[in-house]
Amino acid sequence: MGAGWLFLFAVLYSAGLLFGMVFFVIMFSDLESDYINPIDLCNKLNQFVLPEYGAHAFLSILFLLFGQWTAFLWNVPLLAYNGNKVFKKNHMYDATEIFRTLGGHQKETYFKLAFYLLSFFYYLYRMIVALVAENP
């Protein structure tokens, strides 16, 4: 019964993370179009950076604790990348540097968007497989 519920939770969590990355893409697009100023952008996005990292880390730890090795190993590279950014203290967006680093931030956001999208469908597949296996 545990794997089905774990992957249901993972589907919901990854959907939330996916919507968060869509929000980041929209905000960066607004900055490029000059609909928002850099200070407002950084203030809005910085409040979501650590919760996104924490949610992804929590989900990865759940996979580790439940013995879902494939799902855990899928998440390790992004987990290590996020951890590295936090330990180097360059995880927050800086309003004075945002225009110079905008291309890199957009690439990172698009990568995470693709990662969370693939994760969503993988977790959905694993949830269906686990629920079918539980009900013969």
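Keep in mind that what you see is a predicted model, and the values were worked out from it rather than measured.

### A word on a nonpolar patch on the surface
Here is step 1 of the chain: Residues Trp5, Leu8 and Leu12 make up a contiguous nonpolar surface patch of about 320 Å² in total accessible area.
Here is step 2 of the chain: For leucine 8, the position within the fold is in helix H1 (residues 2-32).
Here is step 3 of the chain: Under the relative-accessibility criterion, leucine 8 is labelled partly exposed at 30%.

### Re the pattern of salt bridges
Here is step 1 of the chain: Per the stated rule, a full pass over the model turns up 4 salt bridges.
Here is step 2 of the chain: Among the salt bridges present, the one from arginine 100 reaches glutamate 97, with a minimum N-O distance of 2.3 Å.
Here is step 3 of the chain: One network of salt bridges, with partners in common, ties together Glu52, Lys85, Glu108 and Lys112.

### What to know about the side chain of asparagine 82
Here is step 1 of the chain: Tracing the backbone shows asparagine 82 in helix H3 (residues 69-87).
Here is step 2 of the chain: Not counting the four nearest positions on each side in its chain, asparagine 82 is found in contact with Tyr53, His56 and Lys112.

### Examining the nonpolar core
Here is step 1 of the chain: Grouped together as the largest cluster of nonpolar side chains are 20 residues, with contacts concentrated most on Phe24, Phe28, Leu41, Leu45, Tyr93, Ile98 and Tyr116.
Here is step 2 of the chain: Mapped by element, the contributors of at least two residues to this core are H1, helix H2 (38-65) and helix H4 (98-134).
Here is step 3 of the chain: Among the elements that make up this core, the one with the highest residue count is H1 (7 residues).
Here is step 4 of the chain: When near neighbours in sequence (up to four residues on either side) are disregarded, phenylalanine 28 contacts Leu41, Leu45, Tyr93, Ile98, Leu102, His105, Gln106 and Thr109.
Here is step 5 of the chain: Grouped together as the second largest cluster of nonpolar side chains are 13 residues, Phe7, Leu59, Phe63 and Tyr123 included.

### Some words on the packing of H1 against H4
Here is step 1 of the chain: In the contact formed by H1 and H4, the axes pass within 8 Å of each other and the chain directions differ by 160°. As far as their axial angle goes, H4 and H1 are roughly antiparallel. The hand of the H1/H4 crossing is left-handed.
Here is step 2 of the chain: When its residues are assigned to classes, the contact of H1 with H4 shows 27 nonpolar, 6 polar and 4 charged.

### A closer look at unusual backbone geometry
Here is step 1 of the chain: Of note in the backbone geometry, aspartate 34 takes a positive phi value of approximately 65° without being a glycine.
Here is step 2 of the chain: One non-glycine residue, lysine 89, adopts positive backbone phi at about 60°.
Here is step 3 of the chain: With respect to the secondary-structure elements, lysine 89 resides in the loop between H3 and H4.
Here is step 4 of the chain: Residue class for lysine 89 comes out exposed when judged on its relative accessible area of 71%.

### A few points about the packing of aromatic side chains
Here is step 1 of the chain: On inspection of all chains with the given rule, the structure shows 14 aromatic pairs.
Here is step 2 of the chain: Ring plane angle 70° and centroid distance 6.4 Å describe the contact between phenylalanine 23 and phenylalanine 24, whose orientation is recorded as edge-to-face.
Here is step 3 of the chain: Considering the side-chain rings of phenylalanine 63 and tyrosine 123, the 5.2 Å spacing of their centres and the 45° angle between planes classify their relative orientation as tilted. Linking phenylalanine 63 in helix H2 with tyrosine 123 in helix H4, this pair joins segments that are 60 residues apart in sequence. Residues phenylalanine 63 and tyrosine 123 agree in their burial class; the two are buried.
Here is step 4 of the chain: Through successive ring pairs, a cluster of aromatic residues spans Phe23, Phe24, Phe28, Phe48 and Tyr93.

About the cut-offs
Per-chain numbering applies: the sequence of each chain, read as written, is numbered from 1 onward. Owing to the predicted nature of the model, reporting of local features is limited to residues with pLDDT of at least 70; listing and counting of side-chain atom pairs is limited to 80 or more, with chain, interface and lining totals taken over all residues. Derived side-chain values reflect all non-hydrogen atoms in the structure, with water molecules and hydrogen atoms excluded from consideration. Surface patches are defined over residues having more than 30% relative accessible area and no salt bridge, joining like charges when they lie within 9 Å and nonpolar side chains (Val, Leu, Ile, Met, Phe, Trp, Tyr) when within 5 Å. Residue-level accessible areas treat just the shown protein chains as cover; the underlying method is Shrake-Rupley with a 1.4 Å probe. Salt bridges are counted wherever a side-chain nitrogen of Lys or Arg sits within 4 Å of a carboxyl oxygen of Asp or Glu. For helices the rule is a DSSP run of H or I covering at least 4 residues; for strands it is a run of E covering at least 2, with both sets numbered from the N terminus onward. Think of it in three bands: residues with accessible area under 20% of the maximum for their type are buried, residues over 50% are exposed, and the middle band is partly exposed, with areas taken using a 1.4 Å probe on protein chains only. Should any heavy atoms of two residues lie within 4.5 Å, those residues are considered in contact. To qualify as a nonpolar core, a set must consist of buried Ala, Val, Leu, Ile, Met, Phe, Trp, Tyr and Cys residues joined through side-chain atoms within 4.5 Å. Axes here refer to lines fitted to C-alpha atoms; in helices the fit is confined to the stretch in contact. Angles between the N-to-C directions go from 0 to 180 degrees. In what follows, roughly perpendicular refers to angles from 65 to 115 degrees, roughly parallel to angles under 35, roughly antiparallel to angles over 145, and oblique to any angle outside these ranges. Note on convention: near helix rotated counterclockwise from far helix by under a right angle means a left-handed crossing. Clockwise means right-handed. Under the convention adopted here, Pro, Cys and the residues Ala, Val, Leu, Ile, Met, Phe, Trp and Tyr are nonpolar, Asp, Glu, Lys and Arg are charged, and Gly plus all remaining residues are polar. Each pair of aromatic rings taken from Phe, Tyr and Trp, with Trp reduced to its six-membered ring, is defined by centres within 6.5 Å and is described as stacked if the planes are under 30 degrees apart, edge-to-face if over 60, and tilted in the remaining cases.

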